[in-house]
Each structure stands twice: as C-alpha cells, then as structure tokens.
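# A look at the structure
Next come the chains, spelled out residue by residue.
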Amino acid sequence: MPRITPKTRDELPEYLHPLWDKMLSYGDFADQAGVMAQRSPIFETTWKLLTDLAEESILPKRYLELAIVTVSKLNECTYCVAHHVPKLELQGVSAKAAEALLDFQNNPELDDVDKLVVEYAIAVTND
C-alpha cells in the first residue's frame, strides 16, 4: 500500500494538463508523476526537463535507452528496467538481449558502438 496517494491529471492545475499528456507519451509513468504532482513545482520542473530533453534528441534513442537500462541494471532498479526495456525493444534490442546487457561483449545484438555505450555507462556508474 503506498504511503502517498498519487494525484491524477484532473487534480493538477489546468495549465499542467498538456505536460501530463506529454509525460504519458513518454511511457507509463503516471504513478511516479502522480506522486510528484503532490507538489506542482516538482511535477512541472521534473517532467518539463525530461520531456524537453527527450525531444531535443542529441543522442540517438537507442544509445540513450542502452545507457538507461545499463545503469538501471547496475543499480538494481527493477522499476526503471521494467519501464525502459520496452523502449529498448523499440530500438531493436530484444528483451533477452537487454536481460544480458551487462555481458555486453558477448551480446550478439549489440554492434561496436552499442558496446561502447554500455561500457561507458558501466564505467561512469561504477567509477
């Protein structure tokens, strides 16, 4: 049982409804956003930053998701892994390959650049 009851879109100020909708287009984060929505400035600042960065797309989504899943696996964040493996699958990496991501050198679905991304994410996280 959660200690905080997540708010819904309708409980937010109306000016934040478009940001809620944009947030949902990024993934199934309604519970997380609903908890953040307990304080409108937290919801607004966090989700505006995340959606703006996602739209900016300096880094190809495949590399972004490889890095996110790698770091999430290292930190044993099953919530993050569960939310980002489907995004990684959309980028051409199967759930099976994502499960074995930390063994990147022997992962047949990863090309040389993918392996560098995973290796870098591991190094940055661990060191």
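What comes next is a walk through the structure. Just so you know, these numbers come straight off a predicted model, no measurement behind them.

Calculation criteria
- Residues numbered from 1 in each chain as written.
- Predicted model: local features only at pLDDT ≥ 70, side-chain atom pairs only at ≥ 80, totals over all residues.
- Heavy atoms only, no water.
- Core = buried A, V, L, I, M, F, W, Y, C linked by side-chain atoms within 4.5 Å.
- Buried < 20%, exposed > 50% of the residue type's maximum accessible area, 1.4 Å probe, protein only.
- Helix = DSSP H or I, 4+ residues; strand = E, 2+ residues; numbered from the N terminus.
- Contact = heavy atoms within 4.5 Å.
- Salt bridge = Lys/Arg side-chain N within 4 Å of Asp/Glu carboxyl O.

Now for the nonpolar core. Ranked by size, the top nonpolar core spans 14 residues in total, and within it Leu66, Leu88, Val93, Leu101, Leu110 and Val118 carry the most contacts. Those elements giving two or more residues to this core turn out to be helix H4 (61-74), helix H5 (78-90), helix H6 (95-99) and helix H7 (112-126). Those residues within four positions of Leu88 in sequence are excluded, and the remaining contacts are Arg62, Glu65, Leu66, Val69, Val93, Ala98 and Leu101. Within the second largest apolar cluster, 11 residues are counted, among which are Leu16, Phe29, Phe43 and Trp47.

Below, the discussion takes up the pattern of salt bridges. Per the stated rule, a full pass over the model turns up five salt bridges. Residue Lys22 pairs with Glu55 through a salt bridge whose shortest N-O separation is 3.1 Å. Taken as a pair, Lys22 in helix H1 (residues 17-26) and Glu55 in helix H3 (residues 40-56) lie far apart in primary sequence, 33 residues in all. Across the pair Glu99 and Lys73 runs a salt bridge whose closest N-O atoms are separated by 3.9 Å. You can see Glu99 sitting in helix H6 and its partner Lys73 sitting in helix H4, a full 26 residues away along the chain. With a relative accessible area of 59%, Glu99 lands in the exposed category.

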